[in-house]
Amino acid sequence: MKRYLIALDLDGTLLKEDKTISPFTKDIIHRAIDAGHLVVIATGRPYRASRMYYEELGLTTPIVNFNGAFVHHPRQPSWGVRHSPLPLSVVKDIVELGETYRIKNILAEVMDDVYFHEHDDVLLDIVRLGNPTVKIGDLRRSLGKDPTSVLVYTDDDHIERIQSHLANVYANVVHHRRWSEPWHVIEIIRHGVHKAAGLKQVADYFGIPRERVIAFGDEDNDLEMIDWAGLGVAMGNAIDPLKAVADDVAASNEEDGIGRYLRDVLRL
């Protein structure tokens, strides 16, 4: 039997809109694992906000978090940590530009520690899952380590200007994406870091060639992973640009897309 590495995005892909995994899809995933295949979560979420799904599926593999900026093995510490943080200087520059670009707030995460430039109940609700350590205060003083990820919260009129500044000044330093509506948030990670890079580290470790990697996703932070995988699968509810680079399209996350697809392709 040829062993496959199966990569699962969470929100909008493995998870239904109510943030649960359907019993059917969960059963098929367990069948895949029992058949000898490897299942890996690859998500933009931090580990603290994805741990419950890792444990629910009973996974024994590494996990890709922060869109590839943090890769580790929860059950095997000796596997090591692959951490690709941003230069601290970038965050301090963004703080300095706050007034010019009307930045409402800046949030920096160092793995599972969260630093807020200012108190913000809305953003606190977003990061509260997993009960992280939260610190609030001027990031130029409170943040002493290179951050894994940075979120810039602004208004719709200034998002493009901020992204243009990042592209012009930090083209070879950072990689940034705009969150989908209604969030006016820019997510920033280190240049060259994405889910495909994180997933490749896992595939190389297990000796799985690219052509035997199956990846599922639905949003623009899945583009590199879906394009890189031997079989990149966009969900039925995925954005059109992702479907354009995908090798195939599954049913939606509400229609057991992952479960039905794996059942048929792997004959489970």
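How each quantity is defined
- Residues numbered from 1 in each chain as written.
- Predicted model: local features only at pLDDT ≥ 70, side-chain atom pairs only at ≥ 80, totals over all residues.
- Heavy atoms only, no water.
- Domains from an automatic or database assignment.
- Contact = heavy atoms within 4.5 Å.
- Buried area = accessible area lost by both parts, 1.4 Å probe.
- Salt bridge = Lys/Arg side-chain N within 4 Å of Asp/Glu carboxyl O.
- Polar contact = N/O pair within 3.5 Å; in protein donor to acceptor, adjacent residues only side chain to side chain.
- Nonpolar A, V, L, I, M, F, W, Y, C, P; charged D, E, K, R; others polar.
- Phe/Tyr/Trp six-rings, centres within 6.5 Å; stacked < 30°, edge-to-face > 60°.
- Lys NZ or Arg CZ within 6 Å of the ring centre and 35° of its normal.
- Pairing = 2+ DSSP bridges.
- Helix = DSSP H or I, 4+ residues; strand = E, 2+ residues; numbered from the N terminus.
- Axes fitted to C-alpha atoms, helices over the stretch in contact; angles between N-to-C directions.
- 1 Å grid on protein atoms, 1.4 Å probe; cavity = no way out; pocket = protein on both sides within 12 Å on 5 of 7 lines; lining within 4 Å.
- Points joined across faces, edges and corners; volume = space filled by probe spheres on them.
- Buried < 20%, exposed > 50% of the residue type's maximum accessible area, 1.4 Å probe, protein only.

Novice: Looking at this model, I keep getting lost on the domain arrangement of the chain. Mind explaining?
Specialist: Looking at the chain, the domain boundaries give domain 1 (3-81 + 192-264) and domain 2 (86-188). With 16 residues of domain 1 at the contact, the number on the domain 2 side is 15 residues. Buried area between domain 1 and domain 2, both sides added, is near 1,200 Å², and the carbon and sulfur share of it is 52%. The tally of links between domain 1 and domain 2 comes to 3 salt bridges. Across the pair Asp 112 and Arg 48 runs a salt bridge, and its minimum N-O distance is 3.3 Å. Between domain 1 and domain 2 we count 5 residue pairs in polar contact (both at pLDDT 80 or more) in total. When the residues that make up the side of domain 1 that touches domain 2 are grouped by side-chain class, the tally is 9 nonpolar, 2 polar and 5 charged.

Novice: So what exactly am I meant to see when it comes to the packing of aromatic side chains here?
Specialist: A ring pair, where both rings are aromatic, is described by two values, the distance of the centres and the angle of the planes. Inspection of the entire model under this criterion finds 3 aromatic pairs. Taken together, the ring pairs in this structure connect Trp 79, Tyr 205 and Phe 206 into an aromatic cluster. The residue whose ring lies beneath Arg 82 is Trp 79, and the NZ or CZ to ring-centre distance is 3.6 Å.

Novice: Would you take a moment to explain the sheet that holds strand S8 (residues 133-136) for this structure?
Specialist: Pairing within the open sheet is mixed, and its 6 strands lie in the order S8-S7-S6-S9-S11-S10. Of all the strands in the sheet, just S8 and strand S10 (174-178) have a single pairing partner and so form its edges. Neighbour-to-neighbour, the strand axes of this sheet turn through a mean angle of 20 degrees, independent of strand direction. Taken together, the 5 bridges between S10 and strand S11 (residues 185-190) define a ladder with antiparallel strand orientation. By the bridge assignment for S11, Val 174 is matched with Arg 190.

Novice: Looking at this structure, how should I read the layout of surface pockets?
Specialist: Empty space among the atoms becomes apparent when a probe as large as a water molecule is rolled across them. Within this model, the largest pocket holds a volume of roughly 1,100 Å³. As for the largest pocket, its lining consists of 35 residues, and the residues nearest its centre are Asp 11, Lys 19, Arg 45, Trp 179 and Glu 187. Of all the secondary structure elements, the ones that give two or more residues to the lining of the largest pocket are helix H4 (121-127), strand S9 (149-153) and S10. A per-element tally of the lining of the largest pocket places H4 first, with 3 residues. Looking at side-chain class alone, the lining of the largest pocket contains 10 nonpolar, 8 polar and 17 charged residues. Taken together, domain 1 (3-81 + 192-264) and domain 2 (86-188) each give at least three residues to the lining of the largest pocket, which thus spans both.

Novice: Got a minute to help me understand the sheet that holds strand S13 (residues 231-234) in this structure?
Specialist: Pairing between the strands of a sheet comes from backbone hydrogen bonds, and it takes one of two forms, parallel or antiparallel. Pairing is parallel in the open sheet, where 5 strands are placed in the order S2-S1-S12-S13-S14. Looking at strand neighbours, the two that pair on one side only are strand S2 (38-41) and strand S14 (248-249), the edges of this open sheet. Both S13 and S14 contribute to a ladder of 2 bridges, which runs parallel. Residue pairing across strands places Val 233 opposite Asp 248, the latter belonging to S14. On top of the sheet, helix H10 (residues 257-265) reaches strand S1 (5-8), strand S12 (213-217), S13 and S14; it is set at about 160 degrees to S12, its chief contact.

Novice: Even after reading the chapter, I still don't get H10, so can you show me in this structure?
Specialist: Residues separated by three or four positions in an α-helix point in the same direction, a consequence of the helix having 3.6 residues per turn. Residues of H10 that are buried: Gly 257, Ile 258, Gly 259, Tyr 261 and Leu 262. Elements in contact with the buried residues of H10: S1, helix H1 (23-34), S12, S13 and S14. Looking one or two residues beyond H10, the residue adopting positive phi is Arg 267, at roughly 55 degrees.

Novice: Looking at this model, I keep getting lost on unusual backbone geometry. Mind explaining?
Specialist: Backbone geometry follows two general trends: most residues other than glycine have a negative phi, and most peptide bonds adopt the trans configuration. A positive phi angle, near 55 degrees, is found at Asn 67, a position not held by glycine. You can see Asn 67 is positioned in the loop between strand S3 (63-65) and strand S4 (70-72). A relative accessible area of 2% means that Asn 67 is categorised as buried. Phi is positive for Arg 267, close to 55 degrees, though the residue is something other than glycine.

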